[in-house]
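# Structural features, examined
Each chain is listed here by its residues.
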Amino acid sequence: MSGKRGEPHDFTDTLGLAVFESPTGHFFVGNAFRGTNLFPGLIGLADKPPDHPARRKTDTIHRQRRRRADRAQQRWDDENPPPF
């Protein structure tokens, strides 16, 4: 690794091994995180067929959240029109 001390650096090789250098000069070796590393509940979800109940439920939850967010954004936009 090169660079000034006090600056964070990272490097990932072609096999996915990640090396991180902290601003204090410490090195950490690991893998670049994927969604399944952080959320193990996602493992195997992609392997399910499109009509699987878990996918339908997840799609429904996402659709409901999206609708709520869109409605909240529209309300805010209506209450706070642009000044021009």
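Residues numbered from 1 in each chain as written. Predicted model: local features only at pLDDT ≥ 70, side-chain atom pairs only at ≥ 80, totals over all residues. Heavy atoms only, no water.

This next bit is on the pattern of salt bridges. Within this structure, the stated rule accounts for one salt bridge. The salt bridge partner of Arg66 is Asp70, with a shortest N-O separation of 3.4 Å. Taken as a pair, Arg66 and Asp70 lie in helix α2 (residues 53-79) at a separation of four residues, close to a single helical turn. A relative accessible area of 38% places Asp70 in the partly exposed class. (Salt bridge = Lys/Arg side-chain N within 4 Å of Asp/Glu carboxyl O. Helix = DSSP H or I, 4+ residues; strand = E, 2+ residues; numbered from the N terminus. Buried < 20%, exposed > 50% of the residue type's maximum accessible area, 1.4 Å probe, protein only.)

What follows is about the sheet that holds strand β3 (residues 27-31). Spatial strand order, β1-β2-β3: three strands in an open sheet with antiparallel pairing. The open sheet has two edge strands with one neighbour each: β1 (9-12) and β3. In this sheet, adjacent strand axes meet at a mean angle of 20° when their direction is disregarded. With four bridges connecting them, β1 and strand β2 (residues 17-21) associate as antiparallel partners. Across the sheet, Thr12 pairs through a bridge with Ala18, a residue of β2. (Pairing = 2+ DSSP bridges. Axes fitted to C-alpha atoms, helices over the stretch in contact; angles between N-to-C directions.)

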